[in-house]
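Chain by chain, the residues:
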Amino acid sequence: MADRLTVAALCGSLRRGSWNRTLLAATAALAAPRLAITEVPIRDLPHFDEDLERDPWPPQVLALGEVVRRADGVMIVTPEYNAGIPGPLKNAIDWLSRATPAGGPPIAGKPIAILGASPGMLGTARAQAQLRLILQNLQLPVLPGPNVFVSNAAARFGADGSITDEATRTMVETMLDRFAAWIVQVGDKQAS
Ligand SMILES: Cc1cc2nc3c(=O)[nH]c(=O)nc-3n(C[C@H](O)[C@H](O)[C@H](O)COP(=O)(O)O)c2cc1C
């Protein structure tokens, strides 16, 4: 495994000014250069439909799959909508859980970290619990223990999008240390 680990990041929010995309960007900045975290857009994926799983496959699906397939790990940064994960994120996971002409399911075996930000008090706890259940069903190695929950999001970031709240920054940095070690551990286990 290379010294510099690559991480494909999915953001569950599509909106401009998203707190979750702000969290993703701030996390990527704190992670560099050890982890290269890059967002992979999910906005233009078609709704999952088994009838589309034939030639020619939707190019957005193949493009997303190839980025995820090449990555050492996956980071999912998601809002909570109605106590669950947003539809576009579930849609992306459904596509990534399917074999493509390039090989098996792109997300298979990928170490995953989960982050979420909300203006509310629960910091996406219910969405993250639901997401864990989905990923567990896919037998994916999700980073154990608490990952990153950001409540009261407006109070945690500066105007430049950096994390100004010290406890939040420590939570992200601790997760990044653990995630980097987790990616190596999972990779070693899969190679043995
Ligand atoms: C349809 C809808 C449902 C929502 N439900 C929840 C919820 O269950 N829990 C929560 O903390 N916030 C909820 N919110 C508020 C979101 O946390 C808030 O809009 C947040 O800013 C979305 O994330 P973003 O900033 O990354 O786009 C909901 C928002 C919408 C639009």
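Just above sits the structure.
Residues numbered from 1 in each chain as written. Predicted model: local features only at pLDDT ≥ 70, side-chain atom pairs only at ≥ 80, totals over all residues. Heavy atoms only, no water.

A. Quick look at the packing of helix 2 (residues 59-70) against helix 3 (residues 87-96). Put simply, helix 2 and helix 3 touch, their axes get as near as 10 Å, and they point 75° apart. Relative to helix 3, the element helix 2 is oriented roughly perpendicular. From helix 2, V61, L64, G65 and V68 reach across to helix 3, where they touch A92, W95 and L96. Looking at the contact of helix 2 with helix 3 residue by residue, the classes come out as 6 nonpolar, 1 polar and no charged. (Axes fitted to C-alpha atoms, helices over the stretch in contact; angles between N-to-C directions. Helix = DSSP H or I, 4+ residues; strand = E, 2+ residues; numbered from the N terminus. Parallel < 35°, antiparallel > 145°, perpendicular 65-115°, else oblique. Contact = heavy atoms within 4.5 Å. Nonpolar A, V, L, I, M, F, W, Y, C, P; charged D, E, K, R; others polar.)

B. Highlighting the pairing of strand 4 (residues 112-117). With 6 of 6 residues buried, strand 4 lies mostly within the body of the structure. Of the two faces of strand 4, the one holding I112, I114 and G116 and the one holding A113, L115 and A117 are both buried throughout. Sheet analysis places strand 3 (residues 73-77) next to strand 4, joined by 4 bridges and oriented parallel. Residue I76 lies in a different strand from strand 4, and its bridge partner there is I114. Regarding topology, helix 3 serves as the crossover connection from strand 3 to the parallel strand 4, and that connection is right-handed. Bridging between strand 4 and strand 5 (residues 148-150) involves 3 bridges; their strand directions are parallel. Bridging across to strand 5, L115 finds its partner in V148. Considered for its hand, the β-α-β crossover made up of strand 4, helix 4 (residues 125-137) and strand 5 is right-handed. (Buried < 20%, exposed > 50% of the residue type's maximum accessible area, 1.4 Å probe, protein only. Pairing = 2+ DSSP bridges. Right-handed = clockwise from strand over helix to strand, strands pointing away.)

C. Representation of the site of the ligand in the model. Taken together, 13 residues lie around the ligand, and S13, R15, S18, N20 and S118 are the ones closest in. A distance of 2.7 Å separates an oxygen atom of the ligand from a polar atom in the side chain of S13. S18 is positioned with one of its side-chain polar atoms (N or O) 2.6 Å from an oxygen atom of the ligand. The class makeup of the residues in the shell around the ligand is 5 nonpolar, 5 polar and 3 charged. (Near = heavy atom within 4 Å. Polar contact = N/O pair within 3.5 Å; in protein donor to acceptor, adjacent residues only side chain to side chain.)

D. Highlighting the sheet that holds strand 2 (residues 35-39). What the 5 strands build is an open sheet, ordered 2-1-3-4-5; its pairing is parallel. Edge positions in the open sheet fall to strand 2 and strand 5, since each of these has one partner strand only. Strand-to-strand twist across the sheet, computed as the mean angle between neighbouring axes with direction ignored, equals 20°. The pairing of strand 1 (residues 5-11) with strand 2 spans 5 bridges and is classified as parallel. Bridging across to strand 2, A8 finds its partner in T38.

E. Spotlight on the environment of W182. Relative to the assigned elements, W182 resides in helix 5 (residues 166-191). Residue classification places W182 among the buried residues on the basis of a relative accessible area of 16%. Each C-alpha atom of the pair W182 and D165 lies 26 Å from the other, and the pair is 17 residues apart in sequence. If we skip the residues at most four places from it in the chain, W182 touches P111, I112, P141, V142, L143 and P144.

F. Focus on the pairing of strand 1. Across the 7 residues that make up strand 1, a large majority, 6, are buried. Of the crossover connections in this fold, the one passing from strand 1 over helix 1 (residues 19-31) to the parallel strand 2 is right-handed. Summarising the sheet, strand 1 and strand 3 pair through 5 bridges and their orientation is parallel. Along strand 3, the bridge assignment pairs A8 with V74.

G. Looking closely at the nonpolar core. Ranked by internal contacts, the top residues of the largest apolar core, which has 30 residues, are L23, L35, I37, M75, M175, L176 and F179. Ranked by residues supplied to this core, first place goes to helix 5 with 8 residues. Of all hydrophobic cores here, the second largest spans 27 residues; its members include W57, L64, A92 and I134. (Core = buried A, V, L, I, M, F, W, Y, C linked by side-chain atoms within 4.5 Å.)

From the geometry alone we can't say anything about function, so treat these as descriptive.
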